[in-house]
Amino acid sequence: MKAVTWQGHRDVRVDDVPDPRIEEPTDAVIRITSTGLCGSDLHLYEVLTPFMTPGDILGHEPMGIVEEVGSDVTNLRPGDRVVVPFQIACGHCFMCDTGLPTQCETTQVHGEGMGAALFGYTRLYGAVPGAQAEYLRVPQAQFGPIKVPEGPSDDRFVYLSDVLPTAWQAVEYAAIPPGGTVAVLGLGPIGDMSCRIALARGAERVFGIDLVPERLARAKRRGVQTYDLRAFDDEKALVEAIREETSGRGPDAVIDAVGTEAHGSAAAKLAQTATAMMPRKIAAPFAERFSIDRLAALHTAIDLVRRGGTISLSGVYGGMADPMPLLTLFDKQIQMRMGQANVRRWTDDILPYLTDQDPLGVDDFATHRVPLAEAPHAYEMFQRKQDGAVKVLMQP
């Protein structure tokens, strides 16, 4: 089959690889009909290269048709239309029962000291072949895949794999009070959808911050009060502008949907770039102990949120030696929640929004649809924020 493979720093290719097959009784094999390109994939393209191996199959946002199931998978049958969550979880361990499938005790990557295995996401998360491919082997298929109805296009449901539950959890963790305010840093796919969900769930005002004109315009059309970072001398000026809109306090909550590759962190960017260019045998041990993130967005969130407010981190962070302003966090009595989205915990809450009325705008959420063969161009376009790219879907 054809699949998108990682070959090095900013180097992805579409290669012929072996077809997946049933390996365990709890497996299924899915023929993929749509698969997304995620901002998290760009971290592999750019800064997490020490944890990748040439030939790794990328991608973790698929949906498609069940082709085959293992003997222990009794809830699916060939022909079912399903969305596959990006994490792999059993559904019956202590952590899954607690609503934390990202920490599934059956699939935890114990050798790396990490949580549940993820599709297409480095050896830290199990090096499981990913979903930017024609077919996908799905472990723990008795729990993971979400059956969806025939009829609407893939666009209606494919975001259940990642974007929708990640944004939903970001809003849930933000704990926005009824009629409250929230600022969203970064208006890529997760930030954009977080704004939509916050408004749909009753936030009175949503402030969206970015520096890409197309993303700002897109959010503004959905009722978001947008701020162009380029219009301010620095982040302090931005913070003051939003405080003026919130009785001088700052918003009740801030969602950081940017993560480790934040704009404006020159020294950390240089360190990340240098690490990505090292030989992998040297870079991986170094990154595991001394890696740092670009923290401009997180520092802005800490400065911006009101005292006693909440910061919700949905952007991926991977640093092990990040300096944190604990004095400010403690003094302002800030609450902070974070982590990979617990997909199956939220899907039943999200499904009622996926109707013909389309209150979250999923049907036209994608800005680009390309064949799988054009994946290298799609990665480059998305990484460079060219041609108004916010969300890219690929069809095998």
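The structure displayed is predicted, hence computed values, not measured ones.

Each value, and the rule that gives it
- Residues numbered from 1 in each chain as written.
- Predicted model: local features only at pLDDT ≥ 70, side-chain atom pairs only at ≥ 80, totals over all residues.
- Heavy atoms only, no water.
- Helix = DSSP H or I, 4+ residues; strand = E, 2+ residues; numbered from the N terminus.
- Contact = heavy atoms within 4.5 Å.
- Areas by Shrake-Rupley, 256 points an atom, 1.4 Å probe, with all protein chains shown as cover.
- Axes fitted to C-alpha atoms, helices over the stretch in contact; angles between N-to-C directions.
- Left-handed = near helix turned anticlockwise from the far one by under 90°.
- Pairing = 2+ DSSP bridges.
- Expected span 1.5 Å × (residues − 1).
- Buried < 20%, exposed > 50% of the residue type's maximum accessible area, 1.4 Å probe, protein only.
- Phe/Tyr/Trp six-rings, centres within 6.5 Å; stacked < 30°, edge-to-face > 60°.
- Core = buried A, V, L, I, M, F, W, Y, C linked by side-chain atoms within 4.5 Å.
- Right-handed = clockwise from strand over helix to strand, strands pointing away.
- Parallel < 35°, antiparallel > 145°, perpendicular 65-115°, else oblique.
- Nonpolar A, V, L, I, M, F, W, Y, C, P; charged D, E, K, R; others polar.
- Polar contact = N/O pair within 3.5 Å; in protein donor to acceptor, adjacent residues only side chain to side chain.

A. Main features of the overall build of the protein chain. Each helix and strand in the protein chain was counted, giving twelve helices and 16 strands. Considering only contacts in the protein chain between residues 6 or more positions apart, those separated by 24 or more positions represent 73%. For the protein chain, the accessible area works out to roughly 16400 Å², and carbon and sulfur atoms hold 51% of it.

B. Inspection of the environment of glycine 91 at higher detail. For glycine 91, the position within the fold is in the loop between strand S6 (81–83) and helix H2 (94–97). Those residues in contact with glycine 91 that sit more than four places away from it in its chain are Cys96, Asp97 and Phe143.

C. Quick look at the packing of helix H6 (residues 235–244) against helix H9 (residues 296–304). H9 packs onto H6 with a crossing angle of 35° between their chain directions and a minimal axis gap of 10 Å. As for the relative orientation of H6 and H9, their crossing is right-handed in sense. Residues Glu235, Lys236, Leu238, Val239, Ile242 and Arg243 of H6 form the contact with H9, whose own contacting residues are Thr300, Asp303 and Leu304.

D. Representation of the sheet that holds strand S2 (residues 11–16). What the three strands build is an open sheet, ordered S2-S1-S4; its pairing is antiparallel. Every interior strand has two partners, whereas the edge strands, S2 and strand S4 (56–57), have only one. Sitting on the sheet, helix H12 (residues 375–383) touches strand S1 (2–8) and S2, and the angle it makes with S2 is about 160°.

E. Molecular detail of helix H4 (residues 189–200). The end-to-end C-alpha distance of H4, which contains twelve residues, comes to 16 Å, matching closely the 16 Å that a straight helix rising 1.5 Å per residue would cover. Burial analysis of H4 places ten of its twelve residues in the buried class, the great majority of the element. A positive backbone phi angle near 105° is found at glycine 202, which sits one or two residues after H4.

F. Region of interest: the packing of aromatic side chains. Going through the model one piece at a time under the given rule, you end up with six aromatic pairs. A ring pair is formed by tyrosine 45 and tyrosine 379, whose centres lie 5.4 Å apart and whose planes are at 40°; its orientation type is tilted. Of the two residues, tyrosine 45 is situated in helix H1 (residues 39–46) and tyrosine 379 in helix H12; the sequence distance between them amounts to 334 residues. Looking at tyrosine 45, the relative accessible area reads 6%, which means it is buried. A centroid spacing of 6.4 Å and a plane angle of 35° characterise the contact between tyrosine 227 and phenylalanine 232, whose relative ring orientation is tilted. On the accessibility criterion, tyrosine 227 (10% relative accessible area) is buried. A relative accessible area of 21% means that phenylalanine 232 is categorised as partly exposed.

G. A look at the nonpolar core. One finds Tyr159, Leu160, Leu164 and Met193 to be the most contacted residues of the largest nonpolar core, which totals 69 residues. Of all hydrophobic cores here, the second largest spans 22 residues; its members include Leu185, Ala301, Leu304 and Val305.

H. Structural view of the sheet that holds strand S12 (residues 253–256). Read from one edge of the open sheet, six strands run S11-S10-S9-S12-S13-S14, paired in parallel fashion. At either end of the open sheet lies a strand with only one pairing partner, and these are strand S11 (225–228) and strand S14 (335–338). The mean angle between the axes of side-by-side strands here comes to 20°, regardless of whether they run parallel or antiparallel. Strand direction decides the pairing type here: strand S10 (residues 205–210) and S11, joined by four bridges, are parallel.

I. Main features of the pairing of strand S15 (residues 368–371). Side chains of S15 alternate between two faces, with His368 and Val370 buried and Arg369 and Pro371 left unburied. With four bridges joining them, S15 and strand S16 (residues 392–395) adopt parallel strand pairing. Paired with arginine 369 across the strands is leucine 393, a residue of S16. In this fold, S15 hands off to H12, which returns the chain to S16; that crossover is right-handed.

J. Looking closely at helix H3 (residues 163–174). Taking 1.5 Å of rise per residue, twelve residues should cover 16 Å, and H3 covers 16 Å from first to last C-alpha, within 8% of that figure. Extensive coverage of H3 is indicated by the burial of eleven of its twelve residues. Of the positions making up H3, those classed as buried are Val163, Leu164, Pro165, Thr166, Ala167, Trp168, Gln169, Ala170, Val171, Tyr173 and Ala174. Those residues of H3 that are buried lie in contact with H4, S12, strand S13 (310–313), S14 and helix H11 (343–350). The first or second residue beyond H3 is alanine 175, which carries a positive phi of 50°.

K. Representation of the packing of H1 against H12 in the model. Packing of H1 against H12 leaves a shortest axis separation of 10 Å and a crossing angle of 100°. Viewed along their axes, H1 and H12 adopt a mutual orientation that is roughly perpendicular. Note on element contacts: H12 touches H1 through Tyr379, Glu380, Phe382 and Gln383, opposite Gly39, Asp41, Leu42, Tyr45 and Glu46. Tallied by class, residues from the contact of H1 with H12 come to four nonpolar, two polar and three charged.

L. Structural detail: the environment of arginine 307. Of note, arginine 307 is situated in the loop between H9 and S13. Each C-alpha atom, one on arginine 307 and one on isoleucine 334, is 6.5 Å from the other, the two residues being 27 residues apart in sequence. When residues no more than four places from it in sequence are discounted, the contact partners of arginine 307 are Asp331 and Lys332. Reaching out from arginine 307, the side chain makes a polar contact with the side chain of aspartate 331 at a distance of 3.0 Å.

By themselves, these are just geometric observations and shouldn't be taken as functional.
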